[in-house]
Amino acid sequence: SQQGEEDPQALSIQEGENATMNCSYKTSINNLQWYRQNSGRGLVHLILIRSNEREKHSGRLRVTLDTSKKSSSLLITASRAADTASYFCAPVGGGFKTIFGAGTRLFVKA
Amino acid sequence: EAGVAQSPRYKIIEKRQSVAFWCNPISGHATLYWYQQILGQGPKLLIQFQNNGVVDDSQLPKDRFSAERLKGVDSTLKIQPAKLEDSAVYLCASSLEGLLKTQYFGPGTRLLVL
């Protein structure tokens, strides 16, 4: 199995600030995905980065991947109150079951 | 494109009663997942189907939980009898076959066992 472990567990910032959360995993991957979960809802896929990519952007999101360190980071720039949610990483490896970690709880204060 | 549908959205039952949840995945998605998410934790995979075959049910408490996916489309998850610790959100997700495995989640069913 392949579990992503997010860090920090919780993060509180002011609106307009940037938020960075990290993910570590243990085995080789095909790709790594980030998901967001608003309170009481299902998870929503945010972005996918392949193992041969180092950085990817989508709107205010920037994801980096360092396969040598088996880690990834998600940066949300110019955060908004609506970004308040839990964020999960999902490492995907050939044949391995992907296990979600406990996530990072982000709280953006207006 | 319609998303993953789940019903009911909420359910309150007493312990030892039985309950069933329904999921309709995105059309064409061969893989279907059921997750249990306890408050404050990440989703825990209960069972994964590929078409109508079970790929992984290693974390499904088989003495009380069962799931089926008839005809490789809709799926039901049943708990019988329910325990207090089954109170959680039950999430259904689906994905296409292949290495990308991007999962699309339904809104979930919030279960409270009293």
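For the structure itself, consult the block above.
Residues numbered from 1 in each chain as written. Chains lettered and ligands numbered in written order. Predicted model: local features only at pLDDT ≥ 70, side-chain atom pairs only at ≥ 80, totals over all residues. Heavy atoms only, no water.

S.K.: Now, about the overall build of chain B: what can you tell me, with residues and values included?
M.R.: The helix and strand inventory of chain B stands at 0 helices and 11 strands. Its C-alpha atoms give chain B a radius of gyration of 13 Å, near enough to 13 Å, the size a compact globule of 114 residues would have. Evaluated residue by residue, chain B yields a buried proportion of 45% over its 114 residues. Here the contacts in chain B between residues at least 6 apart in sequence split such that 53% fall between residues at least 24 apart. Counting 13 positive and 10 negative side-chain charges, chain B places the centres of these two groups 5 Å from one another. (Helix = DSSP H or I, 4+ residues; strand = E, 2+ residues; numbered from the N terminus. Rg over C-alpha atoms; globule rule 2.2 N^0.38 Å. Buried < 20%, exposed > 50% of the residue type's maximum accessible area, 1.4 Å probe, protein only. Contact = heavy atoms within 4.5 Å. Lys, Arg positive; Asp, Glu negative; His and termini not counted. Charge placed at Lys NZ, Arg CZ, Asp CG, Glu CD.)

S.K.: How would you explain the state of the cysteines if you had to name every residue and give the values?
M.R.: One pass over the structure, following the stated rule, counts 2 disulfides over all chains. Disulfide partner of A:Cys23: A:Cys89, at an S-S distance of 2.0 Å. Of note, the bridge from A:Cys23 to A:Cys89 carries an S-S torsion of about 70 degrees and is right-handed in sense. Separated by 66 residues along the polypeptide, A:Cys23 in strand β4 (residues 19-24) and A:Cys89 in strand β10 (residues 85-92) bring together distant segments of the chain. For A:Cys89, a relative accessible area of 0% puts it in the buried group. Residue pairing for B:Cys23: its cysteine sulfur links by disulfide to B:Cys92, the two sulfurs lying 1.9 Å apart. (Disulfide = S-S within 2.5 Å.)

S.K.: Residue-level account of the interface of chain B and chain A, with values.
M.R.: Listed per partner, the contact involves 21 residues of chain B and 20 residues of chain A. With both sides pooled, the region where chain B packs onto chain A buries about 1600 Å², and carbon together with sulfur makes up 52% of that total. If you look at where chain B meets chain A, you find 0 salt bridges. At the surface where chain B touches chain A, the tally comes to 3 residue pairs in polar contact (both at pLDDT 80 or more). Of the residues in the side of chain B that touches chain A, the class split is 8 nonpolar, 9 polar and 4 charged. (Buried area = accessible area lost by both parts, 1.4 Å probe. Salt bridge = Lys/Arg side-chain N within 4 Å of Asp/Glu carboxyl O. Polar contact = N/O pair within 3.5 Å; in protein donor to acceptor, adjacent residues only side chain to side chain. Nonpolar A, V, L, I, M, F, W, Y, C, P; charged D, E, K, R; others polar.)

S.K.: Could you give me a rundown of the packing of aromatic side chains, with the residues and numbers involved?
M.R.: Inspection of the entire model under this criterion finds 9 aromatic pairs over all chains. On the basis of an interplanar angle of 25 degrees and a centroid distance of 5.0 Å, the ring pair of B:Phe21 and B:Tyr90 is categorised as stacked. Of this pair, B:Phe21 sits in strand β3 (residues 19-24) while B:Tyr90 sits in strand β9 (residues 88-95), placing them 69 residues apart in sequence. Residue classification places B:Tyr90 among the buried residues on the basis of a relative accessible area of 0%. An aromatic cluster of at least three residues, connected via ring pairs, comprises A:Tyr35, A:Phe88, A:Phe100, B:Tyr33, B:Tyr35 and B:Phe105. (Phe/Tyr/Trp six-rings, centres within 6.5 Å; stacked < 30°, edge-to-face > 60°.)

S.K.: Give me the pattern of salt bridges: which residues, what numbers.
M.R.: Inspection of the entire model under this criterion finds 5 salt bridges over all chains. A:Glu5 serves as the salt-bridge partner of A:Lys26, at 3.7 Å between the closest nitrogen and oxygen. In this pair, A:Lys26 is assigned in the loop between β4 and β5 (31-37) and A:Glu5 in strand β2 (residues 5-7), connecting sequence segments 21 residues apart. For A:Glu5, a relative accessible area of 40% translates into the label partly exposed. Between B:Arg64 and B:Asp86 there is a salt bridge, and its shortest N-O distance comes to 2.5 Å. On the criterion of sequence distance, the pair formed by B:Arg64 in the loop between β6 (53-56) and β7 (65-68) and B:Asp86 in the loop between β8 (75-79) and β9 is long-range, its members being 22 residues apart. According to the relative accessible area criterion, B:Asp86 is buried, its value standing at 3%.

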